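If you want the building blocks of each chain, they are given just below.
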Amino acid sequence: MKVSFYVLTENKAQDFLGFICQLTQTALNKSNQSLLILIDDDELLSTLDKALWAQEATSFIPHQCLLGADTDVANTNVTNTGFSNADINNKALAPVLLGSYMPADFKGIVLNTTIHPVNTFMAATNNAQPTRVLELIKPDETSMQEGRHKYKSYQQLGYELTHFKV
């Protein structure tokens, strides 16, 4: 698996939502795979949900919010703004998914905004095999330390690692 680290400059970090939208659009343009944006912050999820609908004045990035990490479909709720595992199993998916967990059988690109390496999410689900991971590192000490931890974790697993300063 390929893992790309994007080390953000102060300017890019100040427009974190804008950068996520830009990177999402780039990933969609360069691949026909779905993209999962892992988010463990409800406020970030809500603001990113709105930002993706208004990415450009003449377009939007089609996406869906995943609800609950509960893998028991009978206990999972669906709202107008999100989709449950039942929807995932029925393949009613937009090109971009937002959520705090990795759906079963996910095979696409993961943009990780959490402090945890993606392999942590893979271990908690069934048959997920991302093809690529995009990691965002903000220019603050906490984010840098988390990035170092993730880098070492991925390195130990033998993943192909690259990094970009943006």
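Since the structure is predicted, the reported quantities are computational estimates derived from the model, not experimental observations.

J.: Quick one: what's the story with helix H3 (residues 42–53), residue by residue and with numbers?
T.: Taking 1.5 Å of rise per residue, the 12 residues of H3 would be expected to cover 16 Å, and the 17 Å separating its terminal C-alpha atoms lies within 8% of that figure. Burial in H3 covers these residues: Leu44, Leu45, Leu48, Asp49, Ala51 and Leu52. Contact partners of the buried residues in H3: helix H2 (16–30), strand S2 (35–38), strand S3 (63–66) and strand S5 (96–99). At the N-terminal end of H3, a side-chain oxygen is found 2.9 Å from the backbone nitrogen of Glu43, two or three residues along, and the residue is Asp41.

J.: Give a detailed account of the pairing of S5, specifying residues and quantitative values.
T.: A two-sided burial pattern is seen for S5, the buried positions comprising Val96 and Leu98 on one face and Leu97 and Gly99 on the other. Sheet topology note: the S2/S5 ladder contains four bridges and is parallel. Its bridge partner lying in S5, Ile37 is registered against Leu98. In this structure, S3 lies alongside S5, joined through three bridges in parallel fashion.

J.: Any details on the nonpolar core? Residues and values, ideally.
T.: Among the nonpolar cores identified, the biggest contains 26 residues, and Ile37, Leu48, Leu52, Val96, Leu98, Leu111 and Leu136 are the most heavily contacted of them. Mapped onto this core, the elements with two or more residues apiece are H2, S2, H3, S5, strand S6 (109–112) and strand S7 (132–137). The biggest single contributor to this core is H2, with seven residues. The residues contacting Leu48, other than those within four sequence positions of it, are Leu17, Ile20, Cys21, Ile37, Ile39 and Leu98. With 19 residues, the next largest nonpolar core counts Leu97, Tyr101, Met122 and Ile137 among its residues.

Parameters and conventions
- Residues numbered from 1 in each chain as written.
- Predicted model: local features only at pLDDT ≥ 70, side-chain atom pairs only at ≥ 80, totals over all residues.
- Heavy atoms only, no water.
- Helix = DSSP H or I, 4+ residues; strand = E, 2+ residues; numbered from the N terminus.
- Expected span 1.5 Å × (residues − 1).
- Buried < 20%, exposed > 50% of the residue type's maximum accessible area, 1.4 Å probe, protein only.
- Contact = heavy atoms within 4.5 Å.
- Polar contact = N/O pair within 3.5 Å; in protein donor to acceptor, adjacent residues only side chain to side chain.
- Pairing = 2+ DSSP bridges.
- Core = buried A, V, L, I, M, F, W, Y, C linked by side-chain atoms within 4.5 Å.

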